[in-house]
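Coordinate inspection notes
Listed below, chain by chain, are the residues.
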Amino acid sequence: MQPYELTLTAAAEAIHARRLSPVELVDSVLERLETVDGHLGAYVTVTAERARRAAREAEHDIAHGRHRGPLHGIPMGVKDLIDVNGTPTTASSRVRAGHRASADSTVAARLDAAGAILLGKTHTHEFAFGLTTPQTRNAWDRDRVAGGSSGGSAVAVASGAATFALGTDTGGSIRVPAALNGVVGLKPTYGLVPRHGVTSLSWSLDHVGPITRTVEDAALVLTALAGHDPRDPASLYVPVTGYRPDASTDLTGLRVGVPRTYYFDHVHPEVETAVRDAIAALESLGARLVEVDIPMTRYIQATQWGLMVPEAGAYHERALRTVPELYQDDVRVLLEAGELLGAGDYLRAQRSRTLMRAAWDRLFQDVDVIAAPSVPLTAAPAGQADVTWPDGTVESVSDAYVRLNAPANITGVPALTVPAGHDAAGLPIGLQLLARPLAEPTLLRVAHAHERTRPTTRLPASTP
């Protein structure tokens, strides 16, 4: 096994035991990046010399007893919405051409303090307003979409061009590409991870979180990211402890909610079969399955768009007035639509969210986690606009991908996707788990138990 194939946890243990140096790891991942990224397009900016310099510094510090923890010497990619001092933050848009961050975002500063090493900035769907990331190709099949908007981060991790990466999630933008590329994507509780220094899409729905190869890896990154920051008005005052799950797979007494409504509607049969098999595996580990009805389902998508589109339009108001021609057409149309929604529509969406949060609070009185598909179909062919379901319903690919992810953004509950198998074409399928606010330890425990029932994940065979 080459160093670039190691999980974060395995690499961290090898570095700590002096079996692997940060220089060896960074060189291996950079070589992998150079091999695959011309085909996949995960990165918009690569900071190779900065990474090699940081690896030498990490090697020196660790050799002299200054080991900062499990992220020290670990190479990462960062979504190109997240400021890192001295590097461009372009949001994969011509609107931001030439922009260079003059300070670290909170999450970048925390990862730097933990000793993580930046490899570069990863592509996003322009300003995170999309679910495909057209610049990037799927790590398992280059003719298919990567998912979005954190497509670059997911593909970098899945292909071995980063040991872990950061993404953002406003309507599924961490979980969708993670599911489509067969890796783990975690959207934390709203406000648990600060967003200061992160370009906003929709401030009341935005989250920052990790994309990794394993659940344990995600827990290690979350531990470094979480905690209050007064510069983010939504940042929570909560104590942060380690999130790393133990090795036990015993789920005796844990209640897993299985949706009767919404989450299994208009889902590809292969996806449903894989997810239901994963749920059955949780039951075999001792969990008790409880059928649940998802509340207010008819209002979910209207609420998501009623919040996101006006907030995005407000954020981009000045640029839309001065340089509209610099936006990609699909994004500009959505931003302009946000300006047409009235205050009454936005306030109705706010009220709907309040009612929905209360209803989900009641739902979590009966279950500890909810288990469902991450996305209703695997990675669509690049350029495919719509999917037609067996009952004749036609849905855009983007709407299909956001549909099962929006509830966690609206309510702010933590959610993650973890690999649950592959379809007949070899494309990854994701299991989504959701929990009550701040129940990340439970969420990660269940996901970790599920993961241990699966074969060891390898890098995509189709990636060169």
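Structure report, in brief. (Residues numbered from 1 in each chain as written. Predicted model: local features only at pLDDT ≥ 70, side-chain atom pairs only at ≥ 80, totals over all residues. Heavy atoms only, no water.)

Focus on the packing of aromatic side chains
Inspection of every chain in the model, using the stated rule, returns 3 aromatic pairs. Plain terms: the ring middles of phenylalanine 127 and tyrosine 327 are 5.9 Å apart, the flat faces sit at 40° to each other, and that makes the pair tilted. On the criterion of sequence distance, the pair formed by phenylalanine 127 in the loop between β3 (117-122) and α5 (151-159) and tyrosine 327 in the loop between α10 (317-322) and α11 (329-340) is long-range, its members being 200 residues apart. Residue class for phenylalanine 127 comes out buried when judged on its relative accessible area of 3%. (Phe/Tyr/Trp six-rings, centres within 6.5 Å; stacked < 30°, edge-to-face > 60°. Helix = DSSP H or I, 4+ residues; strand = E, 2+ residues; numbered from the N terminus. Buried < 20%, exposed > 50% of the residue type's maximum accessible area, 1.4 Å probe, protein only.)

Things to note about the packing of helix α2 (residues 22-40) against helix α3 (residues 48-63)
One can describe the packing of α2 onto α3 by two numbers: an axis separation of 8 Å at closest approach and a directional angle of 160°. In terms of their interaxial angle, α2 and α3 are classed as roughly antiparallel. For the pair α2 and α3, the sense of crossing is right-handed. Residues Pro22, Val23, Val26, Asp27, Leu30 and Glu34 of α2 touch α3, and the partners they reach there are Ala48, Ala51, Arg52, Ala55, Arg56, Ala58, Glu59 and Ile62. (Axes fitted to C-alpha atoms, helices over the stretch in contact; angles between N-to-C directions. Parallel < 35°, antiparallel > 145°, perpendicular 65-115°, else oblique. Left-handed = near helix turned anticlockwise from the far one by under 90°. Contact = heavy atoms within 4.5 Å.)

Notes on the sheet that holds strand β1 (residues 43-46)
Strand order in the open sheet formed by 11 strands is β1-β3-β2-β4-β6-β5-β12-β13-β9-β7-β8, with mixed pairing between adjacent strands. Each end of this open sheet is capped by a strand with a single partner; those strands are β1 and β8 (288-292). Put simply, the sheet's adjacent strands are angled 30° from each other on average, direction ignored. Sheet analysis places strand β7 (residues 255-259) next to β8, joined by 5 bridges and oriented parallel. Residue proline 259 lies in a different strand from β8, and its bridge partner there is valine 292. Packed onto the sheet, helix α15 (residues 440-451) meets β5 (184-187), β9 (369-373), β12 (415-422) and β13 (428-435) and runs at close to 10° relative to β12. (Pairing = 2+ DSSP bridges.)

What about the pattern of salt bridges?
Counted according to the given criterion, the structure contains 22 salt bridges. Ionic pairing is found between glutamate 34 and arginine 52, a salt bridge with its closest N-O pair at 3.9 Å. In this pair, glutamate 34 is assigned in helix α2 and arginine 52 in helix α3, connecting sequence segments 18 residues apart. Glutamate 34 sits in the exposed class, given a relative accessible area of 56%. (Salt bridge = Lys/Arg side-chain N within 4 Å of Asp/Glu carboxyl O.)

Geometry only, nothing functional implied.
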